[in-house]
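These are the residues of each chain, in order.
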Amino acid sequence: MIRSVLSRHHDIADDLRHQITTGHIKPGARLPSEAGLADRYKVSTVTLRSALAVLQGEGLVEKIHGKGNFVRRPLRKIVYIGGWGTLDPWTAAETALRVTVRTNTVPAEGHLTTLLKVPTGSPLAEFFCISHEGESPYGLARIYIPRDLAPAGVLDDESSWRETATRFAVLSSPLATVRETVSARPPTPDEASALRLRSAVAVLAVTRVATDAIGRVVEAALLVFPGDRVDAVFTTHHMTEERQTQR
């Protein structure tokens, strides 16, 4: 009996997979309700959900809470430009990214005090950014600037700085150095929820710290991208002998 149930949900997954890969069910299309599919295949909703879980694990189907199951559109990658701290404008435009920005003033706590080298409770200007293409999230960023260093109007809704924030770019200037630490890791529960990630997908996490000419930290950014939706590019510029002599 157990083998029969297992075989049945794999048969259903195979049939739906075939319909998706052959174009019978189009990318972005909403699948019939789980109850409707269970009735069509003459199985219980438990068996039907097991079949959908297989397709969700393969990245073919995405379940959106309160809306249903949808065929995933082919994922296109964007490029994060290391050092400049920004999304590449060409690939971002190709994927028609929509970036929302929420601003706030928050007290420095925990790891932020270490990153920004400020006392606990120091006021920080916070930018929370999240990008989407259609229903698919492509990345999120939390950018922090010591409040006394934030340019005038940086938290205003109409601020020109918001345009910079939508590219996840370095907001503070002038800068002396930008240090980025990059790691691949499993998403936190909050990240997995915000980015709607399958459990098997790792994220590319970038911790960016910018300092001015006197060594003061002027910005810290925590960027998180789904590993299957972004490439990171870093370019090293070597000093010429002439520049070294001038120094």
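S.K.: Would you mind going over the overall build of the protein chain with me for this structure?
M.R.: Helix and strand counts for the protein chain come out as eight helices and 11 strands. Within the protein chain, buried positions represent 43% of all 247 residues. Counting every atom, the protein chain has about 14,000 Å² of accessible surface; 54% of that belongs to carbon and sulfur.

S.K.: What should I look at first to understand helix 2 (residues 34-41) in this one?
M.R.: An α-helix turns once per 3.6 residues; consequently, residues spaced three or four apart project the same way. All of the buried residues along helix 2 are E34, L37, A38 and Y41. Around the axis of helix 2, the buried residues are gathered within 100 degrees of arc, so they sit on the same side. When the buried face of helix 2 is taken as reference, the exposed residues oriented beyond 90 degrees from it are A35 and D39. Among the residues trailing helix 2, K42 stands out with phi positive, at a value near 60 degrees.

S.K.: Explain the packing of helix 2 against helix 3 (residues 45-57) to me, please; I cannot follow it from the model alone.
M.R.: Helix packing geometry: the angle between the two helix axes and the distance between the axes. Axis separation between helix 2 and helix 3 bottoms out at 9 Å; the angle between their running directions is 105 degrees. Regarding the angle of helix 2 to helix 3, the classification is roughly perpendicular. For the pair formed by helix 2 and helix 3, the contact residues are E34, A35, L37, A38 and Y41 on the first element and T45, L48, R49 and L52 on the second. Class assignment for the residues of the contact of helix 2 with helix 3 results in six nonpolar, one polar and two charged.

S.K.: Can you help me understand helix 3 in this one?
M.R.: Counted at 1.5 Å a residue, the expected span for helix 3 with its 13 residues is 18 Å, and the 18 Å between its end C-alpha atoms agrees. Among the residues of helix 3, T47, L48, A51, L52 and L55 are the ones counted as buried. The buried residues of helix 3 occupy an angular sector of 140 degrees when projected down its axis, which confines them to one face.

S.K.: Honestly, the nonpolar core in this entry has me stumped. Any pointers?
M.R.: In summary, soluble globular proteins display a tendency toward joint burial of nonpolar side chains. Y80, L87, F127, C129, F168, L223 and F225 are the most contacted members of the largest nonpolar core, which has 22 residues in total. Where this core is concerned, the elements lending two or more residues are strand 3 (78-81), strand 6 (123-133), strand 7 (136-146), strand 9 (203-211) and strand 10 (217-226). In terms of residues, this core owes the most to one element, strand 7, which gives four residues. Among the nonpolar cores identified, the runner-up in size contains 16 residues, and I12, I20, Y41 and L52 belong to it.

S.K.: Help me out: how do you make sense of the confidence of the model for the protein chain in this one?
M.R.: Any region with low pLDDT has predicted coordinates that should not be read closely. When pLDDT is averaged across the protein chain, the result is 82; 85% of the residues are at 70 or more. Contacts for the low-pLDDT stretch residues 1-5, under 50 throughout, to residues beyond four places or in other chains number one contact.

S.K.: When you look at the environment of A200 in this model, what are you seeing that I'm missing?
M.R.: On the secondary structure map, A200 appears in the loop between helix 7 (189-195) and strand 9. Along the sequence, A200 and P187 sit 13 residues apart, while their C-alpha atoms lie 9.5 Å from each other.

S.K.: Which parts of the structure should I look at to understand the sheet that holds strand 11 (residues 230-233)?
M.R.: Strands pair in a sheet through their backbones, by hydrogen bonds, and they do so in one of two ways: parallel or antiparallel. Spatially, three strands are ordered 4-3-11 in an open sheet, and the strand pairing comes out mixed. Two strands in the sheet have a free side with no partner beyond their single neighbour: strand 4 (86-87) and strand 11.

Analysis parameters
- Residues numbered from 1 in each chain as written.
- Predicted model: local features only at pLDDT ≥ 70, side-chain atom pairs only at ≥ 80, totals over all residues.
- Heavy atoms only, no water.
- Helix = DSSP H or I, 4+ residues; strand = E, 2+ residues; numbered from the N terminus.
- Buried < 20%, exposed > 50% of the residue type's maximum accessible area, 1.4 Å probe, protein only.
- Areas by Shrake-Rupley, 256 points an atom, 1.4 Å probe, with all protein chains shown as cover.
- Arc of directions from axis to C-beta.
- Axes fitted to C-alpha atoms, helices over the stretch in contact; angles between N-to-C directions.
- Parallel < 35°, antiparallel > 145°, perpendicular 65-115°, else oblique.
- Contact = heavy atoms within 4.5 Å.
- Nonpolar A, V, L, I, M, F, W, Y, C, P; charged D, E, K, R; others polar.
- Expected span 1.5 Å × (residues − 1).
- Core = buried A, V, L, I, M, F, W, Y, C linked by side-chain atoms within 4.5 Å.
- pLDDT = per-residue confidence, 0-100.
- Pairing = 2+ DSSP bridges.

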